[in-house]
Amino acid sequence: MSWVRGRASALPSAPYPSPSKLTPLLLIAAIYSMVAGGPYGIEDIVQKSGYLGTLLILIITPLVWSLPTALMVSELSSALPEEGGFYAWVKRAMGPFWGYQEAWLSLAGSFFEMAIYPTLFVYYLGRLAPSMTSGHWKVILGLGMIAACTIWNICGARAVGQGSLLLSITLLVPFAVLIGFALFHRSAAGVSHAALGHADILGGIMIAMWNLMGWDNASTIAEEVERPQRTYPLAMASSLTIIVLVYLAPVAAVAYTGIDPNVWTTGGWVDLGRTLGGEGLAAALAFGGVVGAFDSFNSLMLSLTRLPFVMAADGFLPSVFARRHPRTGVPWVAIVVCAFVWALCFQLGFEPLVILDVLLTGLSILLEFWALAALRIREPGLARPYRIPGGIVGALAIGIGPLAMMVLAFVRNHSEQAWNFNALTLGLWLIAAGPILYLLSRLFAKRSVTAGEGQ
């Protein structure tokens with residue numbers, strides 16, 4: 001297992017087939033799955049913020065948090081459509097050290113984010129058939145989901161995109177039915193004005209941030225997208241519109257029925273479906289939760305596994321991570337190793353995972369905004385098929401909203417606990433590990449080059 005410096009020398013010399021390409025429609029489906037994966041996950045916002053508060057949060061948060069990120073990704077993906085996406089942007093704008101920190105923050109955040117989806121997968125399976133998720137079956141089913149996504153990803157990006165399109169349609173059909181039942185529900189009496197038992201607006205905003213995070217993930221597969229300079233801006237605009245509408249519509253419909261917001265809980269769509277449409281709709285929504293968890297994990301695996309691949313090509317990881325599958329051209333070693341690490345994080349618990357994921361991934365997003373501004377200053381002549389208006393001032397201003405949201409997240413979570421640790425302290429330790437790991441990677445790379453020259 002050798003360590004190498006340059007990308008050209010790190011990539012295997014054997015010829016590999018070009019990875020299958022994602023069309024604009026398939027990229028939209030993949031982005032939708034990476035960011036949302038259905039309205040699942042927003043139930044706690046209603047419990048914390050009420051109906052009116054939730055609707056306002058789901059309108060304002062996309063404007064302040066998601067829209068700037070989508071615009072930033074559109075510009076940088078069209079200007080630098082490289083495999084590795086945001087890692088390549090930060091490295092080019094601010095150097096290899098910061099590029100490494102960008103990748104580390106994203107991968108460290110993935111340890112927590114990717115543990116959420118197998119947990120939700122098993123949870124919703126349990127709502128369909130409790131006996132299936134009792135005892136050791138809970139672990140077997142979660143690990144089985146991870147294994148299935150691993151095999152699917154090895155089949156290529158296009159296969160994952162096609163799956164995202166089919167699975168997204170499947171999980172959204174029950175919500176269309178739910179909206180229909182809600183609008184014609186006999187007990188509809190206007191929005192409930194019942195007092196919230198535990199109002200927590202900042203907590204609702206934090207959950208919304210998590211449910212509206214991940215726009216940059218699609219950038220890591222730029223070389224596997226058809227005409228990326230044109231496709232990314234179109235896909236970002238389309239997916240943002242779809243996601244906001246899909247979040248708002250079912251919440252507004254249920255609010256119309258007057259159902260008490262205090263009854264909303266994690267996974268509460270199933271109970272709401274039972275109340276409004278009976279056992280059949282409840283089962284369909286539970287099945288949609290199973291599909292959504294699988295779909296999100298599968299799409300995020302497509303994105304995140306490209307980071308070890310390009311880091312190996314740059315000498316930050318062993319060159320084995322740069323190996324591609326001989327038939328599909330995908331980085332199969334990176335896929336398998338990432339799947340193994342994420343499997344170890346399975347069953348860590350939901351809320352601590354969200355807190356740490358928002359902290360680490362949010363900081364990586366701020367680095368991307370700084371890269372946007374740095375490239376405007378350092379490379380003003382860089383071809384940008386899509387360009388955020390306003391010059392350098394516009395590039396700086398667009399990052400103010402996400403920065404403010406991250407400050408809110410710090411304020412909200414500074415005293416939260418994660419497995420008997422202060423969540424913020426644990427997050428800071430993980431952030432501090434990035435520079436240490438960078439120095440170690442450089443040290444091992446130098447030793448490997450020295451050893452190779454001495455042979």
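None of the values given here were measured: they were computed from a predicted structure.

Caption draft 1: Fine view of the overall build of the protein chain. Helices and strands together make up the secondary structure of the protein chain, namely 17 helices and 2 strands. Residue burial in the protein chain is summarised as follows: out of 455 residues, 57% are buried. Of the roughly 17800 Å² of accessible surface on the protein chain, 70% is carried by carbon and sulfur atoms.

Caption draft 2: Geometry of the nonpolar core. Formed by 142 residues in total, the largest nonpolar core has its most connected members in Val254, Trp269 and Phe297. The element that contributes the greatest number of residues to this core is helix α5 (residues 96-128), accounting for 15 residues. Phe297 has contacts with Met114, Tyr117, Pro118, Met145, Ile146, Cys149 and Trp342, leaving out every residue within four places of it along the chain.

Caption draft 3: Structural view of the packing of aromatic side chains. This model, assessed by the stated rule, comprises 15 aromatic pairs. An angle of 45° between the planes, with centres 5.8 Å apart, marks the rings of Phe316 and Tyr438 as tilted. Of this pair, Phe316 sits in the loop between α12 (306-313) and α13 (332-344) while Tyr438 is found in helix α17 (residues 423-454), placing the two residues 122 residues apart along the sequence. For Phe316, a relative accessible area of 3% translates into the label buried. Following the ring pairs from residue to residue traces out a cluster consisting of Tyr40, Tyr51, Tyr123, Tyr124, Phe175, Trp264 and Trp269.

Caption draft 4: Spotlight on the packing of helix α3 (residues 43-79) against helix α8 (residues 201-211). For the pair α3 and α8, the least separation of the axes is 8 Å and the interaxial angle reads 50°. Classified by the angle between their axes, α3 and α8 sit oblique to one another. When the axes of α3 and α8 are compared, the crossing they make is right-handed. Here Asp44, Ile45, Lys48, Ser49, Ile57, Thr61 and Trp65 of α3 lie close against α8, whose contacting residues are Ile201, Gly203, Gly204, Ile205, Ile207, Ala208 and Met209. Looking at the contact of α3 with α8, its residues break down into 8 nonpolar, 4 polar and 2 charged.

Caption draft 5: Region of interest: the layout of surface pockets. What the largest pocket holds in volume is close to 310 Å³. Secondary-structure elements contributing two or more residues to the lining of the largest pocket are α5, α12 and α13. Considering only residue class, the lining of the largest pocket consists of 14 nonpolar, 1 polar and no charged. Taken as a whole, the second largest pocket holds about 170 Å³ of empty space. In terms of lining residues, the second largest pocket is bounded by Leu25, Ile28, Ala29, Tyr32, Ser164, Leu165, Ser168, Ile169, Leu172, Ser239 and Ile242. Element by element, the count of residues in the lining of the second largest pocket is highest for helix α7 (residues 157-183), at 5 residues.

Analysis parameters
Residues numbered from 1 in each chain as written. Predicted model: local features only at pLDDT ≥ 70, side-chain atom pairs only at ≥ 80, totals over all residues. Heavy atoms only, no water. Helix = DSSP H or I, 4+ residues; strand = E, 2+ residues; numbered from the N terminus. Buried < 20%, exposed > 50% of the residue type's maximum accessible area, 1.4 Å probe, protein only. Areas by Shrake-Rupley, 256 points an atom, 1.4 Å probe, with all protein chains shown as cover. Core = buried A, V, L, I, M, F, W, Y, C linked by side-chain atoms within 4.5 Å. Contact = heavy atoms within 4.5 Å. Phe/Tyr/Trp six-rings, centres within 6.5 Å; stacked < 30°, edge-to-face > 60°. Axes fitted to C-alpha atoms, helices over the stretch in contact; angles between N-to-C directions. Parallel < 35°, antiparallel > 145°, perpendicular 65-115°, else oblique. Left-handed = near helix turned anticlockwise from the far one by under 90°. Nonpolar A, V, L, I, M, F, W, Y, C, P; charged D, E, K, R; others polar. 1 Å grid on protein atoms, 1.4 Å probe; cavity = no way out; pocket = protein on both sides within 12 Å on 5 of 7 lines; lining within 4 Å. Points joined across faces, edges and corners; volume = space filled by probe spheres on them.

Function-wise, these values are silent; they only describe arrangement.
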